Amino acid sequence: MVAVFDSRHPQGPPWSRCATASRPLAHVADGAGISIVGVNHPAPDTAEQPGPTEWGEHPHGVGPWTQEHGEAPPEDPRYDPELLAGGDRRNVVDAYRYWKREAIIADIDRRRHPFHVAIENFGHDANIGTVVRTANAFAAAAVHIVGRRRWNRRGAMVTDRYQHIEHHSDIGELLAFAERENLTVVAVDNVPGSVPLETVELPRRCLLLFGQEGPGVTEHAKGAAALTVSIAQFGSTRSINAGVAAGIAMHAWIRQHADLTSAW
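As a starting point, this report considers the structure included with it. Remember, it's a predicted structure, so these values are computed and weren't measured experimentally. (Residues numbered from 1 in each chain as written. Predicted model: local features only at pLDDT ≥ 70, side-chain atom pairs only at ≥ 80, totals over all residues. Heavy atoms only, no water.)

Summing up its helical and strand segments, the protein has seven helices and ten strands in all. Taken over 264 residues, the protein has a buried fraction of 41%. A separation of at least 24 residues holds for 62% of the contacts in the protein among residues at least 6 apart in sequence. With the model as given, the accessible surface of the protein reaches about 15600 Å², and the carbon-plus-sulfur share is 52%. (Helix = DSSP H or I, 4+ residues; strand = E, 2+ residues; numbered from the N terminus. Buried < 20%, exposed > 50% of the residue type's maximum accessible area, 1.4 Å probe, protein only. Contact = heavy atoms within 4.5 Å. Areas by Shrake-Rupley, 256 points an atom, 1.4 Å probe, with all protein chains shown as cover.)

On to the sheet that holds strand S6 (residues 165-168), then. Strand order in the open sheet made by the seven strands is S6-S5-S4-S9-S7-S10-S8, with parallel pairing throughout. In this open sheet, the two strands that pair with only one neighbour each are S6 and strand S8 (195-196). Pairing geometry for strand S7 (residues 184-188) and strand S10 (residues 227-230), over three bridges, is parallel. When the bridges of S10 are listed, Ala187 appears paired with Thr228. Sheet strands touched by helix H7 (residues 242-257): strand S4 (113-121), S7 and strand S9 (206-210). Its angle to S4, the strand with the most contacts, is close to 165 degrees. (Pairing = 2+ DSSP bridges. Axes fitted to C-alpha atoms, helices over the stretch in contact; angles between N-to-C directions.)

What follows concerns empty space enclosed by the protein. Throughout the structure, instances matching the rule amount to one cavity of 30 Å³ or more. Looking at the largest cavity, its volume works out to about 40 Å³. Residue composition of the lining of the largest cavity, grouped by class: three nonpolar, two polar and two charged. (1 Å grid on protein atoms, 1.4 Å probe; cavity = no way out; pocket = protein on both sides within 12 Å on 5 of 7 lines; lining within 4 Å. Points joined across faces, edges and corners; volume = space filled by probe spheres on them. Nonpolar A, V, L, I, M, F, W, Y, C, P; charged D, E, K, R; others polar.)

Right, let's talk about helix H4 (residues 128-137) for a bit. Most of H4 is tucked away: seven of the ten residues are buried. Taken together, the buried positions of H4 are occupied by Ile128, Gly129, Val131, Val132, Thr134, Ala135 and Asn136. Note on H4: the residue one or two positions beyond its end, Ala139, has a positive phi of about 55 degrees.

Moving on, we come to H7. The terminal C-alpha atoms of H7, which comprises 16 residues, lie 23 Å apart, in line with the 22 Å expected from a rise of 1.5 Å per residue. All of the buried residues along H7 are Ala242, Gly243, Ala245, Ala246, Gly247, Ala249, Met250, Ala252, Trp253, Ile254 and His257. Buried residues along H7 sit in contact with S4, H4, S7 and S9. Two to three positions downstream of the cap, the backbone nitrogen of Gly243 sits 2.7 Å from a side-chain oxygen, assigning the N-cap of H7 to Asn241. (Expected span 1.5 Å × (residues − 1). Polar contact = N/O pair within 3.5 Å; in protein donor to acceptor, adjacent residues only side chain to side chain.)

Okay, the layout of surface pockets next. Considering only enclosed or pocket space, the largest pocket measures out at about 560 Å³ in volume. Put simply, the parts of the chain that give the lining of the largest pocket at least two residues each are helix H3 (101-111), H4 and H7. Of the residues assigned to the lining of the largest pocket, the class counts are 14 nonpolar, six polar and three charged.

Let us look at the environment of Ala263. Structurally, Ala263 can be placed in the segment after H7. The class for Ala263 is exposed, based on a relative accessible area of 55%. The spacing of Ala263 and Phe138 is 125 residues in sequence and 9.0 Å in space, taken between C-alpha atoms.

Turning our eyes to something else, we now look at the side chain of Ser194. Relative to the assigned elements, Ser194 resides in the loop between S7 and S8. At 2.7 Å, the side chain of Ser194 and the backbone oxygen of Val191 are in polar contact. Of note is the side chain of Ser194, whose polar atom sits 3.2 Å from the side chain of Ser230. Other than its neighbours up to four places away in sequence, Ser194 contacts Asp189, Thr228, Val229 and Ser230.

On to the nonpolar core, then. By size, the foremost hydrophobic cluster in this structure holds 31 residues, and its most contacted members are Phe115, Leu197, Leu208, Phe210 and Met250. Residue assignment for this core shows that the elements contributing at least two residues are S4, H4, strand S5 (140-147), S7, S9 and H7. Considering each element in turn, this core owes the most residues, seven residues, to H7. In this structure, Leu208 is in contact with Phe115, His116, Val117, Ala118, Val186, Ala249 and Met250, ignoring residues within four places of it in sequence. (Core = buried A, V, L, I, M, F, W, Y, C linked by side-chain atoms within 4.5 Å.)

Structure, rendered in structure tokens:
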């Protein structure tokens, strides 16, 4: 057996010393050399390099229209004159390059799906940005934030500019909205009595409801939901990240109901 270990910690880092001799752990260094059976390989210094989700303008995108296409910009009202002149580095698909924000929203509105997403925000949940970004990717009708109005937009990667977002002060307000819009409330939580998401048929017009990281969906919300679904797990953790759970549930709806020929 070949053991991989960090040369800074001959016995392995402190958190790994519970390993037995018969089951050595592999250690990856975070800036120092990585030693593989006695051979030292320097690892690249990545401390100052931007990560894949660095905030701000995307490093890719397109330059000015004339530079990219070698011709005068088109006279299309959907296009933004400033973007045509200076280039477009926004986090949008190529089909929306140079488009005005309002034009992008209007085009997505023509193709939005009839499912909504709601997440409880009674303790400044950091997953809301991820939920908004995923909802935008799947063209959800709207995202509903229940509780605190303020939320961390960083994880949304600016997709909140193109996604309808509603605020409700409490669960009662959200449920009243769902009733008016004839939406079936589906709570997503791994609790006794829940139905496996992998086998259930989700309603086409529904509101997928997620709780906060940790406590999950509140009792009031679960009691009012027409259905509670769970996500199959096979490891040791009691639950998965709320933002990840939301993505899994939304994609389950997409697989059952969306017209995949209209996807990018």
